[in-house]
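The residues making up each chain are set out below.
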Amino acid sequence: MEAKILVVEDEKDIARMIDYNLKKEGYRTILLHDGSYAAMTAGKERPDLILLDLMLPGLDGLDVCRRLKADAKTSRIPIIMLTAKSEESDKILGLGLGADDYVTKPFSVKELLARVQAVLRRARPATVPADKFKVGTLELDISKVEARVKGTAVELTSKEFELLKALAFSDGRVLSREDLLGKVWGMDAALEVETRTVDVHVGTLRKKLKSEGKRIITVKNYGYRFEGQ
Ligand code: CA
(Lines give C-alpha, C1' and ligand atoms only; values in the text may rest on other atoms or scores of the structure.)
Protein backbone atom coordinates (compact mmCIF):
# COMPACT_ATOMS: atom_id res chain seq x y z
CA MET A 1 0.00 0.00 0.00
CA GLU A 2 1.43 3.34 -1.01
CA ALA A 3 1.89 5.97 1.66
CA LYS A 4 -0.99 8.36 2.36
CA ILE A 5 -0.02 12.02 2.54
CA LEU A 6 -2.10 14.84 4.02
CA VAL A 7 -1.38 18.16 2.30
CA VAL A 8 -2.45 21.33 4.15
CA GLU A 9 -1.85 24.31 1.86
CA ASP A 10 -4.13 27.29 1.26
CA GLU A 11 -2.56 28.46 -2.00
CA LYS A 12 -4.61 26.46 -4.46
CA ASP A 13 -2.04 26.45 -7.26
CA ILE A 14 0.70 25.12 -5.00
CA ALA A 15 -1.69 22.59 -3.47
CA ARG A 16 -2.70 21.33 -6.92
CA MET A 17 0.91 21.12 -8.05
CA ILE A 18 1.89 19.12 -4.97
CA ASP A 19 -1.16 16.89 -5.25
CA TYR A 20 -0.55 16.18 -8.93
CA ASN A 21 3.09 15.25 -8.40
CA LEU A 22 2.52 13.11 -5.34
CA LYS A 23 -0.19 11.15 -7.15
CA LYS A 24 2.09 10.75 -10.14
CA GLU A 25 4.58 9.07 -7.81
CA GLY A 26 1.85 6.72 -6.63
CA TYR A 27 1.13 8.32 -3.25
CA ARG A 28 -2.41 8.69 -1.99
CA THR A 29 -3.29 12.25 -0.99
CA ILE A 30 -5.77 14.20 1.09
CA LEU A 31 -5.96 17.96 0.45
CA LEU A 32 -6.96 20.66 2.93
CA HIS A 33 -6.85 24.41 2.29
CA ASP A 34 -7.40 25.50 5.89
CA GLY A 35 -5.66 24.71 9.18
CA SER A 36 -8.81 24.39 11.28
CA TYR A 37 -9.58 20.77 10.49
CA ALA A 38 -6.05 19.55 9.86
CA ALA A 39 -5.50 17.96 13.28
CA MET A 40 -8.94 16.36 13.26
CA THR A 41 -8.47 15.02 9.73
CA ALA A 42 -5.06 13.62 10.65
CA GLY A 43 -6.57 11.84 13.67
CA LYS A 44 -9.24 10.26 11.50
CA GLU A 45 -7.22 9.45 8.38
CA ARG A 46 -3.89 8.56 10.02
CA PRO A 47 -1.72 9.70 7.09
CA ASP A 48 1.89 8.48 6.85
CA LEU A 49 3.14 12.02 6.37
CA ILE A 50 1.80 15.57 6.60
CA LEU A 51 2.92 18.44 4.38
CA LEU A 52 2.00 21.50 6.38
CA ASP A 53 2.08 25.08 5.17
CA LEU A 54 3.14 27.60 7.81
CA MET A 55 0.83 30.50 6.92
CA LEU A 56 -2.71 29.20 6.85
CA PRO A 57 -6.16 30.65 7.40
CA GLY A 58 -7.98 29.31 10.44
CA LEU A 59 -5.22 27.78 12.49
CA ASP A 60 -1.63 28.47 11.42
CA GLY A 61 0.92 25.74 10.73
CA LEU A 62 2.68 26.07 14.09
CA ASP A 63 -0.57 25.63 16.03
CA VAL A 64 -1.54 22.66 13.86
CA CYS A 65 1.90 21.15 14.47
CA ARG A 66 1.52 21.63 18.24
CA ARG A 67 -1.88 19.95 18.23
CA LEU A 68 -0.66 17.02 16.18
CA LYS A 69 2.29 16.42 18.47
CA ALA A 70 0.20 16.72 21.63
CA ASP A 71 -2.23 14.01 20.57
CA ALA A 72 -1.11 10.39 20.95
CA LYS A 73 -3.09 9.44 17.83
CA THR A 74 -1.08 11.78 15.62
CA SER A 75 2.15 12.51 17.51
CA ARG A 76 4.19 9.99 15.53
CA ILE A 77 3.14 11.19 12.07
CA PRO A 78 6.11 12.94 10.46
CA ILE A 79 5.60 16.54 9.37
CA ILE A 80 7.31 18.51 6.63
CA MET A 81 6.66 22.23 7.00
CA LEU A 82 6.33 24.41 3.93
CA THR A 83 7.68 27.85 4.71
CA ALA A 84 8.26 31.09 2.87
CA LYS A 85 11.67 32.04 4.24
CA SER A 86 14.59 30.05 5.56
CA GLU A 87 14.68 32.15 8.75
CA GLU A 88 11.18 30.93 9.49
CA SER A 89 12.32 27.39 8.89
CA ASP A 90 15.19 27.75 11.32
CA LYS A 91 12.81 29.06 13.93
CA ILE A 92 10.47 26.12 13.47
CA LEU A 93 13.20 23.55 13.93
CA GLY A 94 14.63 25.55 16.84
CA LEU A 95 11.29 25.58 18.61
CA GLY A 96 11.41 21.84 18.83
CA LEU A 97 7.81 21.58 17.73
CA GLY A 98 8.47 18.26 16.17
CA ALA A 99 8.51 19.11 12.48
CA ASP A 100 10.75 16.52 10.84
CA ASP A 101 11.90 18.66 7.98
CA TYR A 102 11.01 21.78 6.08
CA VAL A 103 10.96 22.93 2.49
CA THR A 104 11.38 26.60 1.66
CA LYS A 105 9.12 28.15 -0.99
CA PRO A 106 9.56 28.37 -3.90
CA PHE A 107 10.69 24.75 -4.13
CA SER A 108 11.14 22.41 -7.04
CA VAL A 109 9.04 19.28 -7.43
CA LYS A 110 12.22 17.24 -7.40
CA GLU A 111 13.32 18.71 -4.06
CA LEU A 112 9.93 18.19 -2.47
CA LEU A 113 9.71 14.56 -3.61
CA ALA A 114 13.22 13.87 -2.33
CA ARG A 115 12.30 15.23 1.12
CA VAL A 116 9.06 13.26 1.15
CA GLN A 117 10.88 10.04 0.33
CA ALA A 118 13.60 10.67 2.90
CA VAL A 119 11.16 11.43 5.73
CA LEU A 120 8.97 8.43 4.89
CA ARG A 121 12.00 6.15 4.81
CA ARG A 122 13.16 7.39 8.21
CA ALA A 123 9.68 7.08 9.68
CA ARG A 124 9.08 3.47 8.66
CA PRO A 125 10.75 1.63 11.55
CA ALA A 126 9.15 4.02 14.04
CA THR A 127 5.63 3.00 13.00
CA VAL A 128 6.01 0.01 15.30
CA PRO A 129 6.42 1.67 18.69
CA ALA A 130 9.31 0.28 20.65
CA ASP A 131 8.28 -1.61 23.74
CA LYS A 132 11.60 -1.42 25.51
CA PHE A 133 13.96 1.47 25.96
CA LYS A 134 17.47 1.43 27.36
CA VAL A 135 20.01 4.19 27.85
CA GLY A 136 22.87 4.11 30.31
CA THR A 137 21.61 2.23 33.36
CA LEU A 138 18.00 3.28 32.76
CA GLU A 139 15.61 0.69 31.36
CA LEU A 140 11.94 1.13 30.47
CA ASP A 141 9.53 -1.67 29.74
CA ILE A 142 6.41 -0.07 28.30
CA SER A 143 4.10 -3.10 28.32
CA LYS A 144 5.00 -3.91 31.93
CA VAL A 145 4.91 -0.21 32.94
CA GLU A 146 8.25 -0.71 34.61
CA ALA A 147 11.31 1.50 35.03
CA ARG A 148 14.66 0.27 36.33
CA VAL A 149 17.88 2.03 37.21
CA LYS A 150 20.94 -0.20 37.62
CA GLY A 151 18.62 -3.19 37.56
CA THR A 152 16.52 -1.97 40.48
CA ALA A 153 12.85 -1.16 39.93
CA VAL A 154 11.95 2.50 40.44
CA GLU A 155 8.54 3.16 42.00
CA LEU A 156 6.79 5.68 39.77
CA THR A 157 3.25 6.99 39.72
CA SER A 158 1.41 6.52 36.42
CA LYS A 159 1.91 10.19 35.54
CA GLU A 160 5.63 10.01 36.31
CA PHE A 161 5.96 6.92 34.14
CA GLU A 162 4.09 8.58 31.25
CA LEU A 163 6.25 11.67 31.65
CA LEU A 164 9.44 9.62 31.54
CA LYS A 165 8.13 7.72 28.51
CA ALA A 166 7.28 10.95 26.66
CA LEU A 167 10.75 12.33 27.35
CA ALA A 168 12.65 9.13 26.60
CA PHE A 169 10.90 8.61 23.27
CA SER A 170 11.25 12.19 22.09
CA ASP A 171 14.49 11.46 20.18
CA GLY A 172 16.29 14.31 21.91
CA ARG A 173 13.77 16.95 20.85
CA VAL A 174 12.90 19.73 23.25
CA LEU A 175 9.39 19.29 24.62
CA SER A 176 7.55 22.32 25.91
CA ARG A 177 5.57 22.14 29.13
CA GLU A 178 2.43 22.33 26.98
CA ASP A 179 3.64 19.38 24.87
CA LEU A 180 4.16 17.34 28.01
CA LEU A 181 0.82 18.36 29.49
CA GLY A 182 -0.85 17.24 26.28
CA LYS A 183 1.01 13.93 26.15
CA VAL A 184 0.77 12.99 29.82
CA TRP A 185 -2.35 14.72 31.10
CA GLY A 186 -4.28 14.76 27.81
CA MET A 187 -5.40 17.55 25.51
CA ASP A 188 -8.30 18.73 27.69
CA ALA A 189 -6.21 18.75 30.81
CA ALA A 190 -3.68 20.91 29.00
CA LEU A 191 -6.17 23.73 29.34
CA GLU A 192 -6.87 23.22 33.02
CA VAL A 193 -3.74 21.84 34.61
CA GLU A 194 -1.06 24.45 35.23
CA THR A 195 2.23 24.09 33.43
CA ARG A 196 3.89 24.30 36.85
CA THR A 197 2.50 20.79 37.47
CA VAL A 198 4.96 19.52 34.88
CA ASP A 199 7.89 21.08 36.75
CA VAL A 200 6.80 19.49 40.01
CA HIS A 201 6.52 16.05 38.43
CA VAL A 202 9.84 16.43 36.65
CA GLY A 203 11.40 17.32 40.02
CA THR A 204 10.20 14.12 41.73
CA LEU A 205 10.97 12.03 38.66
CA ARG A 206 14.57 13.29 38.64
CA LYS A 207 14.99 12.42 42.32
CA LYS A 208 13.55 8.94 41.88
CA LEU A 209 15.79 8.21 38.90
CA LYS A 210 18.86 9.08 40.99
CA SER A 211 21.98 9.11 38.78
CA GLU A 212 19.89 8.84 35.60
CA GLY A 213 17.75 11.84 36.60
CA LYS A 214 20.33 14.20 35.14
CA ARG A 215 19.28 13.08 31.67
CA ILE A 216 16.21 15.30 32.00
CA ILE A 217 17.56 18.68 31.04
CA THR A 218 15.75 21.95 31.67
CA VAL A 219 15.53 24.20 28.63
CA LYS A 220 15.09 27.63 30.15
CA ASN A 221 11.74 29.36 29.55
CA TYR A 222 10.59 26.49 27.36
CA GLY A 223 10.52 22.98 28.66
CA TYR A 224 12.61 19.83 28.83
CA ARG A 225 14.86 17.65 26.77
CA PHE A 226 15.97 14.07 27.36
CA GLU A 227 19.67 13.37 26.96
CA GLY A 228 19.79 9.97 25.29
CA GLN A 229 23.54 9.62 24.74
CA1 CA B 1 -0.03 29.78 2.91
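Every chain is numbered on its own, with residues counted from 1 as its sequence reads. The model is predicted, so local features are restricted to residues of pLDDT at least 70 and side-chain atom pairs to those at 80 or more, both for listing and for counting; the totals for chains, interfaces and linings are taken over all residues. As a rule here, side-chain values come from all non-hydrogen atoms in the structure, and water together with hydrogens is ignored.

Peer 1: Hey, could you run me through unusual backbone geometry in this one?
Peer 2: Glycine aside, negative phi is the norm for most residues, and most peptide bonds take the trans geometry. In this structure, the amide linkage connecting Lys105 to the following residue, Pro106, adopts the cis form with an omega of -5 degrees. Relative to the assigned elements, Pro106 resides in the loop between strand 5 (101-104) and helix 5 (109-123). The phi angle at Val145 is positive, at roughly 50 degrees, despite the residue not being glycine. Here Val145 lies in the loop between strand 7 (138-141) and strand 8 (146-149). Classification of Val145 by relative accessible area gives exposed; the value is 53%. The backbone of Asn221 shows a phi angle near 60 degrees, a positive value even though the residue is not glycine. Take Asn221: it is sitting in the loop between strand 11 (216-219) and strand 12 (223-226). Each helix is a run of DSSP H or I of at least 4 residues and each strand a run of E of at least 2, with the numbering of both proceeding from the N terminus. Categorising residues by exposure relies on relative accessible area from a 1.4 Å probe, with only protein chains included: less than 20% of the type maximum marks a residue as buried, more than 50% marks it as exposed, and the intermediate range marks it as partly exposed.

Peer 1: Is there a simple way to think about the sheet that holds strand 7 in this case?
Peer 2: The strands that make up a sheet pair up through hydrogen bonds in the backbone, lying either parallel or antiparallel. At least two DSSP bridges between two strands are needed for those strands to be called paired. On the basis of which strands lie adjacent, the open sheet formed by 4 strands has the order 6-7-8-9 and antiparallel pairing. Each edge of the open sheet is held by one strand with a lone partner, namely strand 6 (132-135) and strand 9 (152-154). In this sheet, adjacent strand axes meet at a mean angle of 25 degrees when their direction is disregarded. Looking at chain direction, strand 7 and strand 8 are connected through 4 bridges and run antiparallel. Across the sheet, the residue bridging to Glu139 is Arg148, located in strand 8. Against the sheet, helix 6 (residues 158-168) contacts strand 6, strand 7 and strand 8, and its axis sits at roughly 110 degrees relative to strand 7. Only C-alpha atoms enter the line fits that serve as axes; for helices the fit covers just the stretch in contact. Angles between N-to-C directions range over 0 to 180 degrees. Contacts between residues were defined by any pair of non-hydrogen atoms, one from each residue, lying within 4.5 Å.

Peer 1: What is the right way to read the coordination of the calcium ion from this model?
Peer 2: Octahedral six-donor coordination of a metal ideally yields angles of 90 or 180 degrees, compared with 109.5 degrees for tetrahedral four-donor coordination. Donor atoms from the polypeptide that bind the calcium ion are Asp10 (OD), Asp53 (OD) and Met55 (O), placed at 2.1 to 2.3 Å. Any N, O or S atom lying within 2.8 Å of the metal counts as a donor, and for Na, K and Ca the limit rises to 3.2 Å; water is left out, so some sites can look incomplete. Positions of the donor residues of the calcium ion, expressed as sequence spacing, correspond to D-x42-D-x1-M. Of the residues examined, Met55 reaches a relative accessible area of 57% and is grouped as exposed.

Peer 1: Looking at this model, I keep getting lost on the nonpolar core. Mind explaining?
Peer 2: Nonpolar side chains tend toward joint burial in soluble globular proteins. The set of buried Ala, Val, Leu, Ile, Met, Phe, Trp, Tyr and Cys residues whose side-chain atoms join them within 4.5 Å is what this entry labels a nonpolar core. With 26 residues, the main nonpolar core has Leu140, Leu164, Leu167, Leu180, Leu209, Ile216 and Phe226 as its most contacted residues. Broken down by secondary-structure element, the contributors of at least two residues to this core are strand 6, strand 7, strand 8, helix 6, helix 7 (177-185), helix 9 (196-208) and strand 12. Counting residues per element, this core draws most heavily on helix 6, which supplies 6 residues. Those residues in contact with Ile216, other than ones at most four positions away along the chain, are Leu167, Val202, Leu205, Arg206, Leu209, Tyr224, Arg225 and Phe226. Cys65, Ile79, Met81 and Leu97 belong to the second-largest nonpolar core, a separate cluster that totals 21 residues.

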